[in-house]
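Descriptive structure summary
The chain contents come next:
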Amino acid sequence: MSSRIGLVVNPVAGLGGRVGLGGTDGPQVLQRARELGAEPLAGVRAALALREVRARLAAAAPTRHAGTSAPRLLTAAGEMGAEAAASADLDARIVYGAGALPAEGGTSAADTVAAVRAIAAEGVDLLLFAGGDGTARDVLAALEAFGGRPPCPVLGVPTGVKMHSAVFAVSARAAGEAAAAWLRRDGGVRLRDAEVMDRDDDGVRDGRVASRLYGWLPVPDVPVRVQQRKTGSTAPVPEAFGGIAAEVAERVGDGLLFLGPGTTTRAVAAELGAETSLTGVDVLALSPGKPARVLLADASEEALLGAGPAWIAVSPIGGQGFLLGRGNQQISPRVLRACGGRERLLVLCTEAKLAALGGRPLLLDTGDETLDAELAGHVPVVTGRRSTSLYRVTR
Amino acid sequence: MTAHHEQSTASSPVSTVSAEDARIAPKPRLRRFHQASWDEDLIFDLGSPGERGVLVPRPDPSLTPPEIPAALRRAEPPALPEMAQQQVLRHYLRLSQENLGADLNIDVGQGTCTMKYSPKVNDQFVRDPRIAALHPLQDEDTVQGVLGIVHALEQLLKEISGMDRVSLQPGAGSAAIYANVAMIRAYFEARGELDQRDEVITTIFSHPSNAACAKTAGFKVITLHPDADGYPDIEALKAAVGPRTAALLITNPEDTGIYNPRIEEFVRIVHEAGGLCSYDQANANGILGITRARDAGFDLCHFNLHKTFSTPHACGGPAAGACAVTAELAPYLPRPTVEFDGTTYRIDDDRPESVGKMRPFLGVVPNLVRAYAWIMSLGAEGLRAAAETAVLNNNYLLHKVRQIPGVSVPYAEGRPRVEQVRYSWQQLYEDTGVHSEELGLRAADFGTHYWTSHHPYVVPEPMTLEPTESYTRADLDEYAAILTEVAREAYESPETVRTAPHRSTVHRARPESLEDPATWAVSWRAYRRKILGEGLR
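Residues numbered from 1 in each chain as written. Chains lettered and ligands numbered in written order. Predicted model: local features only at pLDDT ≥ 70, side-chain atom pairs only at ≥ 80, totals over all residues. Heavy atoms only, no water.

Looking up chain B in an unreviewed UniProt entry gives the name glycine dehydrogenase (aminomethyl-transferring), with the organism given as Streptomyces cavernicola. Here chain B is described in UniProt, under the heading Catalytic activity (unreviewed entry), as follows: "N(6)-[(R)-lipoyl]-L-lysyl-[glycine-cleavage complex H protein] + glycine + H(+) = N(6)-[(R)-S(8)-aminomethyldihydrolipoyl]-L-lysyl-[glycine-cleavage complex H protein] + CO2". As recorded by UniProt, the Function (unreviewed entry) comment attached to chain B reads in full: "The glycine cleavage system catalyzes the degradation of glycine. The P protein binds the alpha-amino group of glycine through its pyridoxal phosphate cofactor; CO(2) is released and the remaining methylamine moiety is then transferred to the lipoamide cofactor of the H protein." (UniProt positions renumbered as here; feature names shortened; annotations may be inferred.)

As recorded in an unreviewed UniProt entry, chain A goes by NAD(+)/NADH kinase and comes from Streptomyces cavernicola.

Listed below in structure tokens is the structure:
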């Protein structure tokens, strides 16, 4: 049975970037971008990703089935998907906006949300969306409406200007490759929860771009290929979490741990025997030889201050490398100081995730300049049992 | 003599084949390689009951079973294949054609491995009965020759490293690193500092065995990442050292081929904190006769004799390593050592402070003989010439490869490299969707290959090339031409590359099976138990 892909294109995503407007948020910016001669490229990128999916699925299929390997596509009308599908020679069923979409360039965020809902309600193996951070937020909002876990995994085809979210592939082609690997359940492709981020509503702050964490969406996690192994390769990711958890248990001993949000900390908590919230800061009681206990889930800053001194474990946000000040503001300067500052701060990250930062430093934005200065420099990152990497962290 | 032959000798022209037809066809620019594929069964599935290669004489009736200790007697004969000689020979010859051995291909793609020509005369020495027929339990008086070789090799490696003593006990590079870490541990234990000094510092581009051996020996490991220029981050080192520091384990040049010009400062910083410094010279191919571990202030170093000193890599089997130390650490060297009093060689196994044996007896003696022969055949000037040629070859290849569209050379922009380079195909991947690993597999269709890098991939879409001194300019030109062609295909017909190899024995291995120990079957018995699901005792 062939797989089902959903596709939603934000046709105006990226328009502002080419003409130097830094984004395409709001109708005025959009109109200005058009006046400056911006050409839409989201549809082109989406078609490129679809062609990659089709080629890779056909290459993987047994010869006699090659004709039936093409995915079935559910999408929105016109430039919100149908045109990209046609350009990639894929048949598509229109589940949103047939005959009712506004004229070219007239669609809005509300259309994105409605299209995602319509497609997800039909059920797909994967939802591809072409756009930027704003589009990712719309997709998140649409899927959150279903309650609980999102009904399908998603993957962003990058076409936007601001690309802070970790839900995007590095290129349209890479999106196609990851999508095909997921659809044919190839080589142990798993899902991981990736951050949806966008520039802060306040825009630029203190001369620096600030961004906010809005939530997580499940995306296919195509592992770095391991075919040409030699001895000495690092442990596969699941084993790495076990090693990090063992190190955390050893450091904390009999004591309290404030565990920041994210997939790394959640996986480490699971290894310690506790189920924690993905988005919140949890208070755990650790005791050697016993499963960790969650004392407080989704604790506020005040609750953390009330819980007493503890070790603090955080993991950098994928894609950006933010360590403190994004998505974990509960771990405030007051909380950090009350716990003992950097002496009690555990930074958790697998070697693979650290390498994926491409040498860029970890980032701090606690809102307390003095504290940021104290924490800046080189921070020991726990990468496994008895293993740390000394990594640069800057304000 | 056949009638046909008589006829041809009788006719007057020597041959009726024209000169045009007789000419050997010009070769294409790239060779039309095709690997043999025999679809050969496992040897355990070949042969038939009763088939024999050798008729073993029946035992002397006086040697009845009671003379064989009961514990050594089998209840049932072993389940060995039963085959005639020719069928055995054919089986293994076929298998030998289904690989891309170092003697067959231009083996510059196995970066960090230092693949060089291992002179065949050295194998003749090793197969000579005067080496091959020795028994490790022979009396010292009867093995003075081989003890002399082991002793002389130690003197050579002392000169090459600048150190005071050398052990040739370790079985290979990681065993040598482990021996060094064990000596560091013994050193601090003897000084009563081991409880305090429990941290070892290394770098992400040093060989991962450094971190692994340190952890195995009970140390905590701190890994330094490169600074923006690709050098080990000296500020990170300053942040890492302290009263807990036991040692720095570092490679130089690192796997990027970049030489750390501040290496003496690294050593000084660690020494000032009270730690020891161990130089991973598994691959010393770019620095032989040019710089020495001792001269940079190191306390220990090690060599892989199967890399720099040409002995075979042995497919992960018995290679040989050497660890070299200062006089202060010499009491902790693995035992035994070979001592010489001016007339007689003696095995010294009475070394109470030694970290113990790394291998039984003297180590992997055949590889010690090969390394000794290689060094002696070159002499001091020859060793330096080997290093200089390797560096020249590497920078020549670097010059050719960096002109290929889609490739880049991360870090230390514009600087020459020592003996190897870690390239990146990130641009080609972004343009074409073809991964570095797939380019390496396509290279197999032209009779060669390459390796990417250790994990994690700090350099994206990596390719690590290390041309040693063994390869000619024509070899390097051919290798670069193959890479150029494969990269062109990635841009013009990516499917050709993605579905490669096309002319090789094995299409692709399933990577997930390499990840899961449950599927590993390294013996026939394990294969039957794990894969065929047979219940075995």
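What follows continues from the structure just given.
The next thing to look at is the overall build of chain A. Within chain A one finds 13 helices and 16 strands. For chain A, buried positions account for 53% of its 395 residues. Taking contacts inside chain A between residues at least 6 apart in sequence as the whole, the part at least 24 apart equals 68%. For chain A, the exposed area adds up to about 16100 Å²; of that, 50% sits on carbon and sulfur atoms. (Helix = DSSP H or I, 4+ residues; strand = E, 2+ residues; numbered from the N terminus. Buried < 20%, exposed > 50% of the residue type's maximum accessible area, 1.4 Å probe, protein only. Contact = heavy atoms within 4.5 Å. Areas by Shrake-Rupley, 256 points an atom, 1.4 Å probe, with all protein chains shown as cover.)

A word on the side chain of T75 of chain A. Residue and element names in this part refer to chain A. Tracing the backbone through its elements, the reader meets T75 in strand β2 (residues 72-76). A relative accessible area of 0% places T75 in the buried class. Not counting residues up to four positions away in its chain, the partners in contact with T75 are L7, M80, G81, A82, A92, R93, I94, V95, Y96 and I119.

Quick look at the UniProt feature "domain: Aminotransferase class V" (unreviewed entry) in chain B now. As recorded in UniProt, the sites labelled "domain: Aminotransferase class V" (unreviewed entry) are residues 190-309 of chain B. Along residues 190-309 of chain B one finds 22% helix and 23% strand; the C-alpha atoms at either end are 34 Å apart.

The next point concerns the pairing of β2 of chain A. All names here are of chain A. Most of β2 is tucked away, with four of its five residues classed as buried. In this sheet, β2 lies alongside strand β1 (residues 4-9) in parallel orientation, the contact comprising four bridges. Residue R4 lies in a different strand from β2, and its bridge partner there is R72. One ladder, built from four bridges, connects β2 with strand β3 (residues 92-96); its direction is parallel. In the strand pairing of β3, L74 is matched with R93. Crossover connection from β2 via helix α4 (residues 82-87) to parallel β3: handedness right-handed. (Pairing = 2+ DSSP bridges. Right-handed = clockwise from strand over helix to strand, strands pointing away.)

Turning our eyes to something else, we now look at the domain arrangement of chain B. Domain parsing of chain B yields domain 1 (126-376), domain 2 (379-512) and domain 3 (513-537). The distance between the C-alpha centroids of domain 1 of chain B and domain 3 of chain B comes to 36 Å. (Domains from an automatic or database assignment.)

Quick look at the UniProt feature "domain: Glycine dehydrogenase C-terminal" (unreviewed entry) in chain B now. Those residues carrying the UniProt feature "domain: Glycine dehydrogenase C-terminal" (unreviewed entry) are residues 386-493 of chain B in this numbering. Split by type, residues 386-493 of chain B is 47% helix and 7% strand. Its first and last C-alpha atoms lie 40 Å apart.

Residue and element names in this part refer to chain B. For chain B, the mean per-residue pLDDT works out to 91, and 95% of the residues sit at or above 70. Predicted confidence in chain B is weakest over helix α1 (residues 3-10), with a mean pLDDT of 49, and strongest over strand β1 (residues 165-167), with 98. With a pTM of 0.79, the predicted complex shows an ipTM of 0.81. (pLDDT = per-residue confidence, 0-100.)

Along its 20 residues, helix α14 (residues 473-492) of chain B runs 28 Å from first to last C-alpha, staying within 8% of the 28 Å computed at 1.5 Å per residue. Three or more residues of α14 of chain B are buried, namely L476, E478, Y479, A480, A481, I482, L483, E485, V486, A487, E489 and A490 of chain B. (Expected span 1.5 Å × (residues − 1).)

Here the focus is unusual backbone geometry. Residues other than glycine predominantly adopt negative phi, and peptide bonds predominantly adopt the trans conformation. Along the chain, N252 of chain B connects to P253 of chain B via a cis peptide bond; the corresponding omega equals -5°. Cis geometry is adopted by the peptide bond preceding P501 of chain B, which originates at A500 of chain B and carries an omega value of 0°. With respect to the helices and strands, P501 of chain B occurs in the loop between α15 (494-498) and α16 (511-515). If you check the backbone angles, D89 of chain A has positive phi at about 60° while not being a glycine. Mapped onto the elements of the fold, D89 of chain A is located in the loop between α4 and β3. By relative accessible area, D89 of chain A is classed as exposed at 61%. Despite not being glycine, Y411 of chain B shows a phi value in the positive range, around 75°. According to the relative accessible area criterion, Y411 of chain B is partly exposed, its value standing at 21%.

By a widespread convention, an interface's size corresponds to the accessible area lost as its parts come together. Tallying the contact residues gives 33 residues for chain A and 45 residues for chain B. Surface buried jointly by chain A and chain B totals about 3500 Å² across both partners, of which 49% is contributed by carbon and sulfur atoms. Connecting chain A to chain B are one salt bridge. With a closest N to O distance of 2.7 Å, R498 of chain B and E52 of chain A form a salt bridge. Viewed at the interface, chain B and chain A are joined by 14 residue pairs in polar contact (both at pLDDT 80 or more). Secondary-structure elements contributing two or more residues to the side of chain A that touches chain B are α3 (42-60), α7 (172-183), α12 (351-355) and β16 (387-394) of chain A. The greatest single-element share of the side of chain A that touches chain B, amounting to six residues, is contributed by β16 of chain A. (Buried area = accessible area lost by both parts, 1.4 Å probe. Salt bridge = Lys/Arg side-chain N within 4 Å of Asp/Glu carboxyl O. Polar contact = N/O pair within 3.5 Å; in protein donor to acceptor, adjacent residues only side chain to side chain.)

Turning next to the side chain of N10 of chain A. Residues and elements named next belong to chain A. Mapping N10 onto the fold places it in the loop between β1 and α1 (15-18). Engagement of the side chain of N10 in a polar contact is seen with the side chain of T135, the distance being 3.0 Å. Apart from the residues within four sequence positions on either side, N10 is in contact with A42, A130, G131 and T135.

Another point: the pattern of salt bridges. Inspection of the entire model under this criterion finds 47 salt bridges over all chains. Linking R251 of chain A and E247 of chain A is a salt bridge whose minimum nitrogen-to-oxygen distance equals 2.9 Å. In this pair, R251 of chain A and E247 of chain A are both assigned in helix α8 (residues 237-252), four residues apart and thus about one turn of the helix distant. The exposure class assigned to R251 of chain A is partly exposed, which follows from its relative accessible area of 33%. The exposure class assigned to E247 of chain A is buried, which follows from its relative accessible area of 3%. With its nearest N and O atoms 3.1 Å apart, the salt bridge here joins E40 of chain B to R94 of chain B. Taken together, the residues span a long stretch of sequence, with E40 of chain B in the loop between α2 (19-22) and α3 (85-97) and R94 of chain B in helix α3 at a distance of 54 residues. Through salt bridges with shared partners, a single ionic network connects E52, R56, R173 and E177 of chain A together with E495 and R498 of chain B.

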